[in-house]
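Per-entry structural report
The primary structure of each chain is shown beneath.
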Amino acid sequence: MPGRGLLLVTNRGAGAAEDRAVEAAVQALRQCGADVRVASSADLDELATLLVERDGRQVVVAGGDGSVHAAVAALDRAGGLPDAGALGILPLGTGNDLARTLGIPLDDPAAAARVVLSGRSRRLDLFDDDAGGLVVNAVHVGIGAQAGEAAADWKHVLGPAAYAVGSL
């Protein structure tokens, strides 16, 4: 019997540390019998194409909150969100707020990968904002969005502390 079909999507612009984490996760998934296809995207259009052409595979996002948001929004724009099923998360971002809230292991990619296979699905509320965007995890009003944008240049050096610097 073939393994469970997964499409693990990554950001092509991510660094070597993420590559090692993805390799560990893929190895763990395959050891558990999953049929894993890894695909990288460089932008939102390429991500949307990968997700639309997933051939019934469950989507697993390797990245942080922004990557999860981009995948859900791309599925929604393509009309594929209702039929996408559960979205797996391999938390490789800076803050990983959604993964933290859901109790997904943050520091062990193999353990997080096993949660994709053995964890329970949870329904999450989504809503459309006034600008036509889809809100997945958090709503930022006023300075929150500006702080996140200002933090972008500091995330690779300061990690989550970059958001505090961006707020200043």
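Notes on the structure in this doc start here. (Residues numbered from 1 in each chain as written. Predicted model: local features only at pLDDT ≥ 70, side-chain atom pairs only at ≥ 80, totals over all residues. Heavy atoms only, no water.)

1. Points about the overall build of the protein
The cut-off we apply is this: Runs of E in the DSSP output that reach at least two residues are strands. Runs of H or I that reach at least four are helices, and both are numbered from the N terminus. Residue exposure (1.4 Å probe, protein chains only): buried if accessible area is under 20% of the type maximum, exposed if over 50%, otherwise partly exposed. Every residue pair with non-hydrogen atoms within 4.5 Å of one another is taken to be in contact. With residues, only the protein chains shown are counted as cover, and all accessible areas are computed by Shrake-Rupley using a 1.4 Å probe.
Across its full length, the protein carries eight helices and six strands. In sequence order, the protein lays out its α and β elements as β-α-β-α-β-α-β-α-α-β-β-α-α-α. Out of the 168 residues in the protein, the part that is buried amounts to 36%. Considering only intrachain contacts with a sequence separation of at least 6, the fraction spanning at least 24 residues in the protein is 62%. With the model as given, the accessible surface of the protein reaches about 9,800 Å², and the carbon-plus-sulfur share is 51%.

2. Focus: the nonpolar core
The criterion, for reference: Only buried residues count toward a nonpolar core, which is a set of Ala, Val, Leu, Ile, Met, Phe, Trp, Tyr and Cys residues joined through side-chain atoms within 4.5 Å.
Leu8, Leu29 and Leu51 are the most contacted members of the largest nonpolar core, which totals 38 residues. In terms of residue count, the dominant contributor to this core is helix α3 (residues 65–77) (six residues). Filtering out sequence-adjacent residues up to four positions away, Leu8 remains in contact with Val22, Val26, Leu29, Val36, Arg37, Val38, Ala39, Val60, Ala62 and Leu90.

3. Considering α3
Counted only if it meets this: One less than the number of residues in a helix, times 1.5 Å, gives the span that helix is expected to have.
Compared with an ideal rise of 1.5 Å per residue, which puts 13 residues at 18 Å, α3 spans 18 Å between its outermost C-alpha atoms and is within 8% of the ideal. Listed as buried for α3 are Val68, Ala70, Ala71, Val72, Ala73, Ala74 and Leu75. Contact partners of the buried residues in α3: α2 (44–52), β3 (58–63), β4 (88–91), α4 (97–102) and β6 (134–135). In the segment just after α3, Gly79 is the residue with positive phi, at about 75°.

4. Comments concerning a nonpolar patch on the surface
Quick reminder of the rule: Patch membership is restricted to residues that have no salt bridge and whose relative accessible area is over 30%. Joining uses 9 Å for like charges and 5 Å for the nonpolar side chains Val, Leu, Ile, Met, Phe, Trp and Tyr. In what follows, salt bridge is the name for a side-chain nitrogen of Lys or Arg lying within 4 Å of a carboxyl oxygen of Asp or Glu.
Among the surface-exposed residues, Trp154, Val157, Leu158 and Val165 lie close enough to one another that they form a single nonpolar patch of about 350 Å² accessible area. Taking relative accessible area as the criterion, Leu158 reaches 35% and is therefore assigned partly exposed.

5. A closer look at the sheet that holds strand β1 (residues 5–11)
Heads up, the condition is: Note: two strands are recorded as paired if DSSP finds a minimum of 2 bridges between them. In this analysis an axis means a line fitted to C-alpha atoms, helices contributing only their contacting stretch, and an angle means the value between N-to-C directions, from 0 to 180 degrees.
Taking strand neighbours across the sheet as the criterion, the four strands line up as β2-β1-β3-β4 in an open arrangement whose pairing is parallel. Of all strands in the sheet, those bounded by a partner on one side alone are β2 (35–41) and β4. Sheet twist, expressed as the average angle between the axes of neighbouring strands with direction ignored, equals 25°. Bridge analysis of β1 against β3 gives four bridges, and the strand direction is parallel. Residue pairing for β3: Leu8 is matched across the bridge by Val60. α2 rests against β1, β2 and β3 of the sheet, and its axis sits at about 160° to β2. Here helix α5 (residues 109–118) sits on the sheet and contacts β1, β3 and β4; the angle it forms with β4, its principal contact strand, is near 175°.

Everything listed is a geometric property; what it means functionally is a separate question.
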